[in-house]
Amino acid sequence: MVLDVGGDRYHCLPGSAKDVQIGKDGRIGASDPAILADLVSAGIATPQPPARPRSAIRGALRELPPGPASRRSDILRAGLALAVSTAAFRGKSLARLTIHDTAPPADAETDEAVLASLVAAARAARPWIPFEGECLQRAFQLRHLLTRRGIAVDWIFGVRTWPFGAHCWLQIGDLVIGDRLERVGRYTPIMKT
């Protein structure tokens, strides 16, 4: 399975695992040059190495426990941040959405109690935000909120085949943020931003 970020689509290449390899740096290799040429002509691969090296994706092992009941002021602040990020989300391509916000490195220590409180406030505010979206929009909104509070998260994109399914979620290290470990475990991570 290949995620074409620029084209906003997934490509399923059945049976290609034996002929196509993706290196740690994101470079695509093929057992036959004709296969690589076909991938390039289809727009799935480029002859140049990726501009950004591909970084390893840590497996999800834990999920953030539910936070305490949120104060109205926290819900209001979260709601405002979600509304702003909803406006920023609408009409944007996947390539534009996945541009990094500025925040400290994802390995910086984050207080899980503070994180749980922010996520709880966002969950409480979400029903009041118009244009509720699927996982892509929810992850974008939560990432926007957390980044604005100085908390860096990784945005993980995963897929499953037969039947095809795609999902995205946020993580800090092996900690799933704003989603369920059981749900994200059904998908194979293929991209982190």
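You'll find the structure just up there.
Residues numbered from 1 in each chain as written. Predicted model: local features only at pLDDT ≥ 70, side-chain atom pairs only at ≥ 80, totals over all residues. Heavy atoms only, no water.

### Overview of helix H5 (residues 135-148)
Compared with an ideal rise of 1.5 Å per residue, which puts 14 residues at 20 Å, H5 spans 20 Å between its outermost C-alpha atoms and is within 8% of the ideal. A large share of H5 lies buried, amounting to 11 of its 14 residues. Those residues of H5 that sit buried are Cys135, Gln137, Ala139, Phe140, Gln141, Leu142, Arg143, His144, Leu145, Leu146 and Thr147. Close packing links the buried residues of H5 with helix H2 (72-89), helix H3 (94-97), helix H4 (112-125), strand E6 (154-160), strand E7 (165-172) and strand E8 (175-177). Where H5 ends, the next residue or the one after it, glycine 150, has phi of about 85°, a positive value. (Helix = DSSP H or I, 4+ residues; strand = E, 2+ residues; numbered from the N terminus. Expected span 1.5 Å × (residues − 1). Buried < 20%, exposed > 50% of the residue type's maximum accessible area, 1.4 Å probe, protein only. Contact = heavy atoms within 4.5 Å.)

### Quick look at the packing of aromatic side chains
Per the stated rule, a full pass over the model turns up three aromatic pairs. Ring centres of phenylalanine 89 and phenylalanine 140 lie 5.7 Å apart, and the angle between their planes is 55°; this geometry places the pair in the tilted category. In this pair, phenylalanine 89 sits in helix H2 while phenylalanine 140 sits in helix H5, placing the two residues 51 residues apart along the sequence. Residue class for phenylalanine 89 comes out buried when judged on its relative accessible area of 15%. (Phe/Tyr/Trp six-rings, centres within 6.5 Å; stacked < 30°, edge-to-face > 60°.)

### Quick word on the packing of H2 against H4
The description of two helices packed together rests on the angle between their axes and the distance between the axes. The N-to-C vectors of H2 and H4 enclose an angle of 70°; their axes lie 8 Å apart at closest approach. It follows from the interaxial angle that H2 and H4 lie roughly perpendicular. Only Ala121, Ala122, Ala124 and Ala125 of H4 make contact with H2, whose side of the interface consists of Asp74, Ile75, Ala78, Gly79 and Leu82. Residue composition of the contact of H2 with H4, by class: seven nonpolar, one polar and one charged. (Axes fitted to C-alpha atoms, helices over the stretch in contact; angles between N-to-C directions. Parallel < 35°, antiparallel > 145°, perpendicular 65-115°, else oblique. Nonpolar A, V, L, I, M, F, W, Y, C, P; charged D, E, K, R; others polar.)

### Description of the pairing of E6
The buried fraction of E6 is high, at six of seven residues. Pairing of E6 with E7 involves seven bridges; the strand directions are antiparallel. Of the residues in E7, the one forming a bridge with glycine 158 is histidine 167. Sheet topology note: the E6/strand E9 (residues 188-192) ladder contains four bridges and is antiparallel. (Pairing = 2+ DSSP bridges.)

### Looking at the pattern of salt bridges
Scanning the model with the defined rule gives seven salt bridges in all. Between glutamate 112 and arginine 62 there is a salt bridge, with its nearest N and O atoms 3.1 Å apart. Within this pair, whereas glutamate 112 is found in helix H4, its partner arginine 62 is found in strand E5 (residues 62-63), the two being separated by 50 residues in sequence. Judged by relative accessible area, glutamate 112 falls into the partly exposed class, the value being 33%. Of the charged contacts in the structure, one is a salt bridge between glutamate 182 and arginine 186, with a shortest N-O distance of 2.5 Å. Judged by its relative accessible area of 56%, glutamate 182 falls in the exposed class. Overlapping salt bridges bring together Arg62, Glu112 and Asp174 as one network. (Salt bridge = Lys/Arg side-chain N within 4 Å of Asp/Glu carboxyl O.)

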